[in-house]
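A structural walkthrough
What follows is the residue order along each chain.
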Amino acid sequence: MQKNEIKRSTDDYLNYVLPKSYEILDIKKHTNNEWTFKVEFDKKVEPGQFLQVSLVKIGEAPISVSGMGEGYVEMTIRNVGEVTSELFKSVPGDRIYLRGPYGNGWPVDELKGKNVVVIAGGTGVSPVKGLIEYIKENPDEFESLNLILGFKNHESVLFKENLEDWKNQEKISTVYSLDNEEVDGFKKGMVTAFIPDLPLKSFDGNYAVVMVGPPIMMKFTSLALIKEGVTEDKIWTSFERKMSCAVGKCGHCRINETYVCLDGPVFPYTVAKDLLD
């Protein structure tokens, strides 16, 4: 796989790695520990890319972009560390520092004209939300979209309004599940339980699968897909592994000769299968 090479002038490189202050426009609280921060932003972002979020005297963390629009980005963040716990004290009007966007996004051009299957679990729905929205807004560019989205329980469900919206789209088929509960609108079971129900044979080979979630979920999802006859070259995935600098200098995310921050976070499964822990 070809590695991305950063070839920039000194000024461009400084602009690429130096954080810039941006205002928090809105905060949407999905659960106690998962909030979406809408932040002003002045650069183009592709679905699947990530930003580096930093707070003065606290630190920095890589965060996937869950939505984007004219003059803003959205990041759905889980409160799991020092940076995020401090960020969760913020209110609209506060300012945070961002740099990026970084990494390779979803291969939208390669997905066009295909039946797209998206399988995601928990906060893994965040990195695919932008892709789902793009397909929803450009339905003529794709044959269909099939979603299998799973959450731990009803209290951990993200993007409830979006889930309802996607369910009502003509070209989108949805399965929403909870690991150990069955409530209105959701089936009970892991996402892998619903893979055999996908109409893969009707796609006549013209499809691609996108999967995101915890490493253990992606491992068993890929095995279930392959069992159903999906070839490895039709699967794409995204993951963040100990990313720190985002520009391939610190080596924290290096696996053999692959730098997740540069070569990912989106990978074809033919590459990702050797990177997953």
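Reading the values: the criteria
Residues numbered from 1 in each chain as written. Predicted model: local features only at pLDDT ≥ 70, side-chain atom pairs only at ≥ 80, totals over all residues. Heavy atoms only, no water. UniProt positions renumbered as here; feature names shortened; annotations may be inferred. Helix = DSSP H or I, 4+ residues; strand = E, 2+ residues; numbered from the N terminus. Buried < 20%, exposed > 50% of the residue type's maximum accessible area, 1.4 Å probe, protein only. Contact = heavy atoms within 4.5 Å. Pairing = 2+ DSSP bridges. Axes fitted to C-alpha atoms, helices over the stretch in contact; angles between N-to-C directions. Phe/Tyr/Trp six-rings, centres within 6.5 Å; stacked < 30°, edge-to-face > 60°. Domains from an automatic or database assignment. Buried area = accessible area lost by both parts, 1.4 Å probe. Salt bridge = Lys/Arg side-chain N within 4 Å of Asp/Glu carboxyl O. Polar contact = N/O pair within 3.5 Å; in protein donor to acceptor, adjacent residues only side chain to side chain.

An unreviewed UniProt entry lists the protein under the name Sulfite reductase, subunit B, with Anaerococcus hydrogenalis ACS-025-V-Sch4 as the source organism.

Here we come to the UniProt feature "binding site: [2Fe-2S] cluster" (unreviewed entry) in the protein. As annotated by UniProt and renumbered to match this structure, "binding site: [2Fe-2S] cluster" (unreviewed entry) occupies C245, C250, C253 and C261. A maximum C-alpha distance of 10.4 Å places the annotated residues, which cover 17 residues in sequence, within one compact spot. Residue placement: C245 occurs in the loop between β13 (235–238) and β14 (254–255). Overall, C245 belongs to the buried group, its relative accessible area being 16%. Those residues within four positions of C245 in sequence are excluded, and the remaining contacts are R99 and C250. Tracing the backbone through its elements, the reader meets C250 in the loop between β13 and β14.

The pairing of strands in a sheet happens through backbone hydrogen bonds and is either parallel or antiparallel. Pairing is antiparallel in the open sheet, where seven strands are placed in the order β4-β3-β7-β1-β2-β6-β5. Unpaired on one side and paired on the other, β4 (59–64) and β5 (67–69) mark the two borders of the sheet. The average undirected angle you get between the axes of adjacent strands in this sheet is 35°. As judged from the three bridges shared by β5 and strand β6 (residues 72–78), these two strands associate in the antiparallel manner. Looking across to β6, one finds that G69 is bridged to Y72.

So, about the packing of aromatic side chains. Counted under the stated rule, the structure contains eight aromatic pairs. A ring pair is formed by W35 and F88, whose centres lie 4.1 Å apart and whose planes are at 25°; its orientation type is stacked. Taken as a pair, W35 in strand β2 (residues 34–40) and F88 in the loop between α2 (82–87) and β7 (95–102) lie far apart in primary sequence, 53 residues in all. Taking the relative accessible area as the measure of exposure, W35 reaches 11% and is therefore buried.

This part takes up the sheet that holds strand β10 (residues 172–178). Pairing in this open sheet of seven strands is mixed, and the strands run β11-β10-β9-β8-β12-β13-β16 from one edge to the other. The sheet terminates laterally at β11 (187–188) and β16 (266–268), the two strands that pair on one side only. Taken together, the seven bridges between strand β8 (residues 115–121) and strand β9 (residues 144–151) define a ladder with parallel strand orientation. Of the residues in β9, the one forming a bridge with V118 is L147. Packing against the sheet, helix α4 (residues 125–137) makes contact with β8, β9, β10 and β12 (207–212), and its axis sits at approximately 155° to β8. The sheet contacts of helix α6 (residues 215–227) involve β8, β12 and β13, and relative to β12 the element is tilted by about 160°.

Following the UniProt record, one finds the feature "domain: FAD-binding FR-type" (unreviewed entry) at residues 17–108. The span residues 17–108 is 9% helix and 51% strand, and its two end C-alpha atoms sit 26 Å from each other.

Examined against the element boundaries, F239 turns out to sit in the loop between β13 and β14. F239 sits 64 residues away from V175 along the chain, and the two C-alpha atoms are 22 Å apart.

Moving on to the pairing of β7. Of all eight residues making up β7, six are buried, and the element is well covered by its neighbours. With four bridges connecting them, strand β1 (residues 20–29) and β7 associate as antiparallel partners. Among the inter-strand pairings, Y22 is bridged to a residue of β7, identified as I96. Judged from the four bridges that link them, strand β3 (residues 50–55) and β7 form a sheet pairing that is antiparallel. Each bridged residue has a counterpart across the sheet, and for F50 the counterpart in β7 is Y102.

Partitioning the protein into domains gives domain 1 (20–102) and domain 2 (108–235). For domain 1 and domain 2, the distance between their C-alpha centres works out to 25 Å. The partner domain 2 presents 12 residues to the 14 residues of domain 1 that form the contact. Surface buried jointly by domain 1 and domain 2 totals about 970 Å² across both partners, of which 59% is contributed by carbon and sulfur atoms. Interface area lost by domain 1 to domain 2 is led by H30, P47 and S66, which between them contribute 41%. Joining domain 1 to domain 2, the criterion identifies two salt bridges. Between K28 and E161 there is a salt bridge whose closest N-O contact spans 4.0 Å. Along the contact surface separating domain 1 from domain 2 lie one residue pair in polar contact (both at pLDDT 80 or more). For the side of domain 1 that touches domain 2, the secondary-structure elements that each account for two or more residues are β2 and β6.

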